[in-house]
Structure formats: structure tokens, C-alpha cells
Amino acid sequence: MTQVTIREAVMQDIPQLKALMLAYIVDFYQYRQPEDDKLNGLIHTLLEQKEGIQFVAETEDGTLVGFATLYFTFSTLRASKIAVMNDLYVVEAERGQGAAAKLFAACKGYAARNSYANLTWTTAKDNFRAQGFYDKIGGDRSDWLTYSVNPTSGIGD
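Our subject in this report is the structure included herewith. Treat the numbers as computed from the prediction; the structure is a model and nothing was measured.

1. Description of the packing of helix α1 (residues 14-28) against helix α2 (residues 36-48)
Reasoning step 1: It is the contact of α1 with α2, at a shortest axis distance of 11 Å, that shows an interaxial angle of 120°. Considering how the two elements wind past one another, α1 and α2 form a crossing that is right-handed. For the pair formed by α1 and α2, the contact residues are Ile14, Leu17, Lys18, Met21, Leu22 and Ile25 on the first element and Asp36, Leu39, Asn40, Leu42, Ile43, His44 and Leu47 on the second.
Reasoning step 2: A per-class count over the contact of α1 with α2 returns nine nonpolar, two polar and two charged.

2. Digging into the sheet that holds strand β3 (residues 64-75)
Reasoning step 1: Reading across from one edge, β1-β2-β3-β4-β5 is the order of the five strands in this open sheet, with mixed pairing throughout. Edge positions in the sheet fall to β1 (4-8) and β5 (119-121), since each of these pairs with one other strand and no more. Ignoring strand direction, the axes of neighbouring strands in this sheet form an average angle of 25°.
Reasoning step 2: Here strand β2 (residues 52-59) pairs with β3 via seven bridges, running antiparallel. Within β3, the position partnered with Val56 by the bridge is Phe67.
Reasoning step 3: Sheet contacts for α1: β2, β3 and β4 (80-90); angle to β3, the most-contacted strand, approximately 80°.
Reasoning step 4: Of the strands in this sheet, β2 and β3 touch α2, which is tilted by about 70° from β3.

The rules behind each value
- Residues numbered from 1 in each chain as written.
- Predicted model: local features only at pLDDT ≥ 70, side-chain atom pairs only at ≥ 80, totals over all residues.
- Heavy atoms only, no water.
- Axes fitted to C-alpha atoms, helices over the stretch in contact; angles between N-to-C directions.
- Helix = DSSP H or I, 4+ residues; strand = E, 2+ residues; numbered from the N terminus.
- Left-handed = near helix turned anticlockwise from the far one by under 90°.
- Contact = heavy atoms within 4.5 Å.
- Nonpolar A, V, L, I, M, F, W, Y, C, P; charged D, E, K, R; others polar.
- Pairing = 2+ DSSP bridges.

See the structure below:
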């Protein structure tokens, strides 16, 4: 079992973090690869920790094997700030060994220490492994349905 340490991402992590994010986006979720400048911009935005933050799971030899991303927003219903865990990813070879639980705990702890009213997240409806993990750690399934739409201009004006 590999021992991992969870910490906030730093500038020196960018090459490994970018590779992990591409594996998550392209290999795991099978989305198209984002433009390089957009992915770099996102990583740098998260490193500033104003709109969000990333945590990394690092092995003893300095290899990054996972990451979690929090974005900061607000809830009108709670009249307070909330954190959204948009990503929780661990490489296949390290799954089931505790890295995901440690990454989640880092996100939950960050939200508590920084007075966020809620930590929320979504997962794909067919990602049963993730659903089992979230159920195991005490996540509450929401009664809300998630919708999305691609933005357009001029329609309905």
C-alpha cells in the first residue's frame, strides 16, 4: 500500500498536475482534450486560491497520484458561501488504498476551517464506484436534479 500525503497544489506541481487532469478529462471521462492555454489558465487560477483550490495526493517519492478541486460560490438558500467539489480523481493503480478518502477529508476540512456553509458535489449517474465511496463517507444524496446547457447568445431575446 502506497502512503500518500495530501497538500495544497503549488507551482512546482504543474507538470504532474496537468498530466493528471488530462488523464481525468480525456481518459476517465472521455471528453475532448482542452486547449493547452485554457487548462494552464485554469491551473493558475486555482493556484491563486481566490476562485477555488486544488489538493494533490503525493507519494513518498514525489509522484502525484490524485487531485481534488474545490470551487467557491454562494448559496442563496443558505445566504452564505459554499464550496463545490468539482473533481476527485485518483489514478487507477492507487484506487481503493485511501487516497480518495484523504483528498475528500482535505476538502471537507478546508470548507470547515474557512466557514463554508456547505460542501457539495456531483458525480456521473453511472459512476457507481464513486457513488459507493460517497455513500460510505457519509455523503447525503440530494433531492435536486442537475441540469446543464451550452450558452448561446441572441436566442430568446
